[in-house]
Structure formats: structure tokens, C-alpha cells
Amino acid sequence: MSDTAPPPGAVVLEAEGLTKHFPVRARGRAALTRTPRVVHAVDDVTLALHRGRVTALVGESGSGKSTVARLLAQLYPRTDGDIRLAGQSTAVKGGRAFKAYAKRVQMIFQDPFASLNPVHTVRYHLTRALKIHGKKADEQGLRELLGRVQLTPAELYLDKYPHELSGGQRQRVSIARALAADPEALLADEPVSMLDVSIRLGVLNLLRDLKERLDLAILYITHDIASARYFADETLVMYAGRMVEGGDSETVTQNPAHPYTRLLVDSAPNPERLSAVGDEDEDDLGEPPSLIEPPSGCRFHPRCPHAMAICEAQVPVRIELTDAPGHWAACWLFAEKTDDEKTDVETADADAAQAETPDAETPDTETTDAEKEQEVVS
Amino acid sequence: MKYFARRLGFYIFTLWAAVTINFFIPRLIPGNPVDALIAQRKGQIDDKAVESLNVLFGLDKHQSLLSQYFHYLGQLAHGDLGISFNNFPEPVTTVLGSALPWTLGLIGVTTILSFLIGTALGVVAGWRRGTWLDGLLPATSFLSSIPYFWLGLISVAWFTGPDSFLPSSGGYDPGLIPGPQLGFIGNALRHSLLPAATIIVSSVGGWLLAMRNMMVTVTAEDYITVAHAKGLSGGRVMTRYAARNALLPSVSGFGMALGLVVGGTFLVEYVFSYPGVGLQLLNAISSHDYPLIQGVFLVVTVAVLVANLLADLAYMALDPRTRKEG
Amino acid sequence: MRFRLRMPSLKVTVGLALLAVFTFVAVFGSALAPYDPSKRGKDLLQGPSGKHWFGTTHLGQDIFSQILVGTRSVMFVGFAAGILATVIAVLVGVTAGYLTGFAGESLSTVSNVFIVIPALPLIVIVTNVVPNSGDVAIAAVIGCTGWAWGARLLRAQTLSLRQRDFVQAARANGESTWRIVAFEILPNLTAIIASSFIGTVMFAVLTEIALAFVGVSGISEWNWGEVLFWAQGQQALSLGAWWWFVPAGLCIALLGTALSLINFGIDEIVNPRLRSSGRAVVKAADGRKVRMQIGFTPVLSQNQNENQNSNDGGGR
């Protein structure tokens, strides 16, 4: 699909240096002495959504991808960085300004059941969605809206409550609700993760169809890098709040550069790779780090089989790679060096076999506490 | 500890609120109660008493409201709650001082007992659902809808009489001198049986229901299933695992429920003429003994706040989540 | 909003029926009463008879009429105070739950203060001090002091609802704040509001009767508590005139029971686990009795004895 990808359209929504730190409540004496602690949920994220293109944001739980979506929807204020809608910098909190923003940027949520109010019918949800943005909410309009998400005949669905619909139908209603505003950008936060596997394809195809017909810019957030390859034109990878790799989907998934991306791709089930089990010495020792006190420098260095001294010292910058246009990785492996450090992907691979296993980082205090809690309660 | 400090701060704030309410209420009274008192006593009141009453009622019109307020706070800090009109010239503190132990004893014992009994029954009722214990629920709700004082009236009618074991009123036989002698204590206990039983029967239902509902919710949780699967005996799972967690809302609600218990106990004291603070308050109502009324309100509020604090300590001991730092 | 009608359980039906009876009496009480409750008669302190169903007072007044007429005051104050308190509770509780930061915290503190301060002494003092209180004033005082429990409950629920996705989705859609609170959050709170309303009515009824019993002036002519006040004052107990105070108390208890039965019904709609779930002890196929535990269904084997003899642990 991405071999014949259309040239990118105009930039609809972009973020530059987006940062979000959540304050942690300090207890006891710490409130007076220590500097306030924060959860570094998102740090220095830069991305751009183009018309008629799907941009995938891939990461595991806790990587900050959902926070990015909510920041772009401006559901809460950002700590730093800039968000630009059609070139204009924007920062809205509420009221009319927020409504105007919401008219152009809409969001779909992960849990189809939780994102619909259980006491309201489909008709109510869609009518409100239309009315808020000044559109006519008559039978005709509702029917047309449901038609867009392939829920026909409309009469069958309009007067139903969320619990009377299936997961896929609920998600389609959520999509319809988002489309009511006629947005330019659609932020889809893991839209298919909670659906049965057999239904996912249908919903993804619907999204792709809408993108083409309505020329939407879609941000597709997922933890499943395989679906990013299928569905998205561009793929960005996030880890522990930072972006680590980006490029067009085919390149990133077929030739992953960053060690974390490689880990993700390797862990996707692949029937062609039966021999991979137990063979290599590259066992991953870990879990994502604590975001309150993230590792210095590159946040992946405790888990990285190729970690070097510089990785702990400095945060890596985006380095353009040579294998495909627009493919970059934030990894010191690919930096230009004067001494005999290798620079390209293939030799880094060869190193992997000889690299010593990295130190096991002591699991962060958060998990130990959680374990302790479990013990006491049980 | 942060949890405790926060609760303490809240109670101090509440105390301040109660004191302020107390300050404002007499200013709603039409007329000048102090003048009426002086007239009643034919002018035989010394100036200091008049002064303290003036501060209490804010009748010193020369001062601004704010300085009246601080004057009032100062007076309170010295422990001066004014002079009781009814028991003139005894100060309110003396009157309350002799009445408070009775009320504290009555409320303290009955609340703890009904909490224990109600909670224990609630644990069993929630654990063994679908049995005859479920039929107990409408019965207990009937019992808890009966006003405390009416139950007291009924029990006086049924259980007492001229020669019965249970006396119909009073805290102790008239003629006995209060003191730590065995005879007096025995007598006092006998007099407290009916009032205490009345309160316990009425309030058990509430604890039972609350505990039952929590038990039902907790027993459906996964960690109970794990406990069963580990092979622990039913009784052990019921107490150590389910009850311990279901208890938490009851304990935290304990302090709050105390406000209602106090009201009911006062009425019981009235019915049985039990010489506690409640009787003083309700008697003071009809005779418009304002200083006494205000004094009772303050003292009772302080007592309830202290009880809440103790309940919070108990909660801290039970729930490890409040002790976690950071 | 469509209501799912389901056959109410026995408990709830009984409760509703009782409440209906009391409401009927409250409205038509004075018309139904055989005598004027204040009118003195010749039969002093008589027990229940054909002429006076509940007997007479020391002045020959008919107690049955007193109870009937008194129902109106009780029901009025109870429900008026209940409505007032519930309205305040919704306003304060939901706002405290939805607003973050200082505003929410301070509203929450205010309601906590009102919960902790003992209600009855406060009400007694205020009603005593405010001159010439009638039914309406009493209802106002009770309503203004008894809202705190409900507010706390509603705040907790609102806090948890606020995090739910559908509220975030409504925000992302561009819905305004007041519409979110009124149309997205409130409809999800109806069960709790109803339950809290009923609890407050119970509290108001009991408090009003207690006030009348204790002699706080100003409550309307006749009232169940007033009956008890006279009974207490005239030493009905020592005179053996049980009929004077028994009916009033029974009425209070019945009204309270009716309300709490209805409350059970609401609880069960909200938390289906609370329903009396049929039989807990069932007979297995081979005749043994098994107790069903909450949370998991035991798997019953038909051939218990055979398996005890065999040694294999795996397989099944």
C-alpha cells in the first residue's frame, strides 16, 4: 500500500517540541524540602498530520502516546512546545475558542463502551454532535451521518442504547459522532484495540475509506506495529515519552533502525520466524522505566543491547538515515563519529552478537510498592 | 502521617466553624436576654457575671462585630462558657461537668457495642447470602425506623414498674452519693441498662445493613476467590480477607455517624431522665437557658470531633494505603 | 430517557403501598377524621373502643383523629425538607465533584463540616432561637442542615464519573461545561439522588417528631410528635395509658420502614449483586447439598467416589 502512497497533502495539525509533565503530589516533609516531582509523560514530541494521510504513533503502555493525543485535542494544557492548526499557533482552554478548535480537530477513544454515555441513545449522541457545531440535526442529517460509517438502515440504530450495540457498532457510532463536526483532523486513540480481532479490519478499512473520501488527516495511535504497517502511511515510534524513530511505514517496519523499534517488530508474532525462539542471546530485560525519574540521556539505554557511554550522558538527537527518504532515528548508533565507532545499520547488527548483556536495571520503586500493596490487601 | 495531619487540620477548622455558629446564634434572639435575667433575679448579679454574659450574647453594642468576636474567643479560651440561667449562679462549665461523664459513658458503651454487634451480624449476613438471614433485613429496617425515644417509652412501659429490677428513670437511686463505691456503681449500671438497650436495639440495624452491603461487594472480588483457591477455610477467608476490607467504609463512616447517634441518645436521656448532657440541653430549651444551650452545643461538638479523630487513627491502623509515603 | 420496567420485588411493592396510604391520609386526613382532634370530650383517658379507635387523651380528645390530622404536618415537613436538602446536596455535591482545585476542595470541606457537627443539637438550637417557626420554617431549617450526607455521596460519584471516557468524549466534541454536568453526569446519578432523597426524608420526619416531642414550639397544631409530647407530659406511662403513645410510634416506624424498603429497591437496581439471589443451598445431582459461594460456581462432579480411588491428578 505504501509503495504507491499519494504525495503528502497540506499540513493540517502539527506539534513541535510538545511536552507534558504531570505534577506528583509530594507528601509530608518532601513537600517543603524537595523540588516538586513530575511525571515526564511526554517530552519533545514533534510530528505533523497531513491531509489525506494516516500517521501512526506506535508505543507500549506508558509510552505517552495517549497523552499526545489528548494534548493535540487540547483536553488539557501542555507544559511546553507548540501546536499549530493550519500554520496558526493555538492554545485553547475552553469556551468558544475551544469549540471552534473542536470543530476542526476531533478524537475517537479506545474503549467503545466507555466513550458513549450509557443513559443516552445513539440519536442523542449524534444530535448533540451535530447541534454543537451548528449543523441541522434532523432525520436526514442523522441518517446521512450513520450512512457514512456504514450503519444502515439508520432506523435500526438510532434509538438503541450503547449496551444494546456490539463493540464494532459502538466504535462506528463514536466515529460518526466525531465526523459530525466535519473535522480536518481525526485523532484515533487505539480505535481497534478493544475490539474483537475479526472486527478490527472492518473498522480500519472504514477509517481508510473516510480518509480518502473526506481528505482527513488521521493520527492512528496503537501498540500494534503490524497494523501500523497495514493502515498508516507514516509511522512514528515512541518510548517512555520520547520519539525514537520515524519514517514511512514500510521502511520503519521492514528496516527498523532504532533498537527499540527492532524489539517491537521482533515481538510481533510472525509465523515465518519460527527459529527465533530461544536462539539469540538478546533477551530483553525489562519494562518501561519510571517516568518520574527517567533514565538520563537516552531513556532506552538500560534495556539497550548496544548501549554506549554517550547514551547515558546525552539525549540523542534525530539523525537522518540513508536507506529511505524521511527515515530518521534518535540513536547515537547512527551518529557521525571520528573514531572507529561504526555508523550504519548493518554493522550495528554485527555488533549485537558480541555485545555484552546490559546491566539489569533495578526495577523502579513504583512496582515494588504496588507489589507490597497486593500482599497486604490479600 | 500526612493523612492524620490533614484530618486534624479539618477538625480544627470544624471546631472554629462550630464556635462561630455559636457566636452568631444568640444574635438572632429577639430582645435582650441578659436584661430579662437581671430583672428576674432582681438585680442580684455581680458585674463580672453580667460582663461575661454580655460578651457571650454580644450585647455590648459599643464594640464592632469583629472585636466582639475576638472577645468571645478569648473568653472561650479561658474556659468560660457563661452562667447558666436555670442553675444560677452556677457557671455552665460546672453544670456540664457533672453531666458529661454520664453521657460519655452511655454513648461510648452503646456505640461501641452496637457497632460490634451490627458489624459482626452484617459480616455473617453478607457472607451467607440467600439464607434466612436475608429475611432479617426488613425486620432490622423496621427496628431502625423506630425512633430511639419511642422505643424508650415502650420499654419503660413494659419492663418497669414500681417493684421491677429495672428502674424507670434517673441515673442512680436518689439518695445515693455519687462516687467510686461498688454499691453506687452497681446501682448506676442497673439504671443504665434500659437506656443502653434502647439505643443498641435501635442502632444495630444501620451497622448491619452497611456491613452487609460492603461484604456483598467485597466477596465478589477476585482476591477472595484466590483465597478460597489457596485452600483457606471459609471462616478464615470471611474474617481475615473479606471482613477486614469490608470494614473500612464502616470505620470511616463511624465518626460521621456519631453526629446522628448523639441526637438519638439525647432523646433517650430525656425519656429516662438520665442525668446526662442531653437532658440538660432539652430542659434548657423550654426555659430558654441560652448559655447552657450554647455550652452544650460546643462541648458536644468537641466530643464528636475527638471521637472522629480516634476513628481516623483506627482507620489508619487498618488501611495500609494511608500510611504509604510518596 | 427510557425506563426499563421490571417487576418490582415484594419488598419494594410493600414499601410503595405503605407510602401511598400515608400520602392519602396526609391529603384527606382532616376530612376522614371522625372528631376534631382538639375538641375535648367526655370520655377521659379511655382505651381503644368502637367509638374511639385509638382511645382518648386526658382531655377526652380522640387520639385516632389526632394521628390522622397530624399526618399532614409530618409528611409535609418530611418531604419539603427532603426536597430542599436534596437540591442543595445536588448543587454542592456535583459542583464539588466536577470542579477541581480550591473551589472543589472548599465545597467538600463545607459539607464535611456539616456532617460532623451533631445535627440534632444544632437544629434544636436554631429552631428554638428563631421566633415563631411554623411548618415551613422547620422544614427550611432541617433542609439547610441535613444536606451534607447526600452532598458527600454525590461528590464521590461525580469524581469518579468525571474520569470516564464519555465525559472526556463530550468535552472533545465541544460540549459546554454546564451541559456536560446537567445532561451527561446528572442522568447517571439519578439512582443515588433518589436514594439520598429518601434517606433525607426519613431523617427529616424523625427530627421533626423529635422536636415536637421535646416541646420546641411553633409546629402546626397536630403532629405525631405532639401526641407523644402530651403523652409524656401527662405521665401516660405511669397511668398505664399505652394507647396514647403506641399508635404514634408505630406510625413513625411504619413510615420509616416503607421508605427504607423503597430504598432497598433503588439499591438493588443500582447494584444488582445486592438482590436476594434466590436459594443459596442447592441439591447436586447425586443428592448432596452444596452451598453456593459468591464469586464462583463450584464444579460438581457426578462421580465423586470413583475419583477418590483413582490416582491420576491430571487429565480433567
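These numbers come from a predicted model, not from an experiment.

**Student:** So what's going on with the overall build of chain C? Which residues, and what values?
**Tutor:** The helix and strand tally for chain C stands at 12 helices and two strands. In chain C, which comprises 316 residues, the share counted as buried stands at 49%. Restricting the contact set of chain C to residue pairs at least 6 apart, pairs at least 24 apart contribute 67%. Carbon together with sulfur atoms contributes 62% to the accessible area of chain C, which is approximately 15100 Å² in total.

**Student:** How would you summarise the overall build of chain B if you had to cite specific residues and measurements?
**Tutor:** Counting secondary structure elements, chain B contains 12 helices and zero strands. Taken from N to C terminus, the helices and strands of chain B fall in the order α-α-α-α-α-α-α-α-α-α-α-α. In chain B, once contacts between residues fewer than 6 apart in sequence are set aside, the share between residues at least 24 apart is 74%. Roughly 14500 Å² of accessible area belongs to chain B as shown, and the carbon and sulfur atoms make up 67% of that amount.

**Student:** Would you mind going over the interface of chain B and chain C in detail, with residue names and values included?
**Tutor:** Taken together, the 61 residues of chain B in the interface contact 57 residues of chain C. Both sides of the chain B and chain C interface together cover about 5300 Å² of buried area, and 75% of this is carbon and sulfur. Looking only at chain B, the three residues that lose the most surface to chain C are Arg129, Trp150 and Met256 of chain B, adding up to 13% of its buried area. The interface formed by chain B and chain C includes zero salt bridges. Put simply, chain B and chain C have zero residue pairs in polar contact (both at pLDDT 80 or more) between them. A per-element tally of the side of chain B that touches chain C places helix H10 (residues 234-272) of chain B first, with 10 residues. Within the side of chain B that touches chain C, the residues separate by chemical class into 41 nonpolar, 16 polar and four charged.

**Student:** Account for the sheet that holds strand S2 (residues 38-50) of chain A, with residues named and values stated.
**Tutor:** All names here are of chain A. Taken in spatial order, the four strands make up an open sheet running S2-S1-S4-S5, and their pairing is antiparallel. Strands with a single pairing partner mark the edges of an open sheet, and in this sheet they are S2 and strand S5 (88-89). Pairing of strand S1 (residues 11-23) with S2 involves nine bridges; the strand directions are antiparallel. Within the sheet, the bridge partner assigned to Leu13 lies in S2 and is Leu49.

**Student:** Hey, could you go over the packing of helix H5 (residues 135-145) of chain C against helix H9 (residues 190-214) of chain C for me, with residue numbers and the actual values?
**Tutor:** Residues and elements named next belong to chain C. Between H5 and H9, the shortest axis-to-axis distance is 11 Å and the interhelical angle comes to 125°. Taken together, the axis directions place H5 and H9 in an arrangement best described as oblique. Where H5 crosses over H9, the handedness of that crossing is right-handed. Two secondary-structure elements touch here, H5 through Asp135, Ile138 and Ile142 and H9 through Phe203, Ala204, Thr207, Glu208 and Leu211.

**Student:** Explain the sheet that holds strand S3 (residues 54-58) of chain A to me, using residue names and the numbers behind them.
**Tutor:** Residues and elements named next belong to chain A. If you walk across this open sheet you meet the eight strands as S6-S7-S8-S3-S9-S10-S12-S11, and the pairing is mixed. Looking along the sheet, the strands with just one partner apiece sit at the ends: strand S6 (105-108) and strand S11 (319-320). Strands in contact with helix H8 (residues 197-214) are S3, S6, strand S7 (185-189) and strand S8 (217-222); relative to S8, the strand with the most contacts, it is inclined by about 160°.

**Student:** Now, about the state of the cysteines: what can you tell me, with residues and values included?
**Tutor:** Following the criterion strictly, the structure yields zero disulfides over all chains and no others. In this model Cys304 of chain A remains outside any disulfide bridge; the closest cysteine sulfur is found in Cys331 of chain A, 6.1 Å from its own.

**Student:** Account for the packing of aromatic side chains, naming residues and giving values.
**Tutor:** Residue and element names in this part refer to chain A. Scanning the entire structure with this criterion turns up 15 aromatic pairs over all chains. Joined through ring pairs, the aromatic side chains of Tyr239, Tyr260 and Phe300 make up one cluster. Stacked on the ring of Trp328, the Lys or Arg Arg318 has its end atom at 3.9 Å from the ring centre.

**Student:** Outline the pattern of salt bridges, supporting the account with residue identities and numerical values.
**Tutor:** Throughout the structure, instances matching the rule amount to 25 salt bridges over all chains. A salt bridge links Arg213 of chain A to Asp209 of chain A; its shortest N-O distance comes to 3.6 Å. Note that Arg213 of chain A and Asp209 of chain A are positioned in helix H8 at a spacing of four residues, about one turn of the helix. Among the salt bridges present, the one from Arg155 of chain C reaches Glu105 of chain C, with a minimum N-O distance of 3.9 Å. With Arg155 of chain C in helix H6 (residues 148-162) and Glu105 of chain C in helix H3 (residues 101-116), this residue pair connects regions lying 50 residues apart in the sequence. Glu105 of chain C sits in the partly exposed class, given a relative accessible area of 46%. Through salt bridges that share partners, Glu14, Glu16, Arg78, Asp82 and Arg84 of chain A make up one connected network.

**Student:** Can you lay out the confidence of the model for chain C for me, pointing to particular residues and giving the numbers?
**Tutor:** All names here are of chain C. The predicted model of chain C has a mean per-residue pLDDT of 77, with 80% of residues at 70 or higher. Taken element by element, the predicted model of chain C shows its lowest mean pLDDT in helix H12 (residues 304-309) (42) and its highest in helix H7 (residues 165-173) (90). In the model, residues 301-316 has pLDDT below 50 throughout and makes four contacts with residues more than four positions away in sequence or in other chains. Both scores are available for the predicted complex, with the pTM at 0.75 and the ipTM at 0.76.

**Student:** Help me get a handle on H3 of chain C, residues and values and all.
**Tutor:** Here H3 of chain C contains 16 residues, and its C-alpha end-to-end distance of 23 Å stays within 8% of the 22 Å for a straight helix at 1.5 Å per residue. Inspection of H3 of chain C places Gly104, Ser108, Ser111, Asn112, Val113, Ile115 and Val116 of chain C among the buried residues, and these make up the whole buried set. If you follow the buried residues of H3 of chain C, they end up packed against helix H1 (2-24), H10 and helix H12 (290-318) of chain B together with helix H2 (63-98) and H6 of chain C.

**Student:** So what's going on with the side chain of Ser193 of chain A? Which residues, and what values?
**Tutor:** Residues and elements named next belong to chain A. The topology assignment puts Ser193 in the loop between S7 and H8. Residue Ser193 is classed as buried on the basis of its relative accessible area, which comes to 18%. Within polar-contact distance, the side chain of Ser193 engages the side chain of Glu190 at 2.6 Å.

**Student:** I'd like to hear about unusual backbone geometry, residue by residue, with values.
**Tutor:** All names here are of chain A. Looking along the chain, the bond that leaves Thr152 and enters Pro153 is cis, with omega of -5°. Structurally, the position occupied by Pro153 is in the loop between helix H5 (139-148) and helix H6 (155-158). Although it is not a glycine, Ala86 adopts a positive phi angle of roughly 50°. Within the secondary structure, Ala86 is located in the loop between strand S4 (80-85) and S5. According to the relative accessible area criterion, Ala86 is partly exposed, its value standing at 43%. Positive phi, normally seen in glycine, also occurs at Ala240, with a value near 50°. Mapped onto the secondary structure, Ala240 falls in the loop between strand S9 (234-239) and strand S10 (242-248).

Quick notes on the rules
Residues numbered from 1 in each chain as written. Chains lettered and ligands numbered in written order. Predicted model: local features only at pLDDT ≥ 70, side-chain atom pairs only at ≥ 80, totals over all residues. Heavy atoms only, no water. Helix = DSSP H or I, 4+ residues; strand = E, 2+ residues; numbered from the N terminus. Buried < 20%, exposed > 50% of the residue type's maximum accessible area, 1.4 Å probe, protein only. Contact = heavy atoms within 4.5 Å. Areas by Shrake-Rupley, 256 points an atom, 1.4 Å probe, with all protein chains shown as cover. Buried area = accessible area lost by both parts, 1.4 Å probe. Salt bridge = Lys/Arg side-chain N within 4 Å of Asp/Glu carboxyl O. Polar contact = N/O pair within 3.5 Å; in protein donor to acceptor, adjacent residues only side chain to side chain. Nonpolar A, V, L, I, M, F, W, Y, C, P; charged D, E, K, R; others polar. Pairing = 2+ DSSP bridges. Axes fitted to C-alpha atoms, helices over the stretch in contact; angles between N-to-C directions. Parallel < 35°, antiparallel > 145°, perpendicular 65-115°, else oblique. Left-handed = near helix turned anticlockwise from the far one by under 90°. Disulfide = S-S within 2.5 Å. Phe/Tyr/Trp six-rings, centres within 6.5 Å; stacked < 30°, edge-to-face > 60°. Lys NZ or Arg CZ within 6 Å of the ring centre and 35° of its normal. pLDDT = per-residue confidence, 0-100. Expected span 1.5 Å × (residues − 1).

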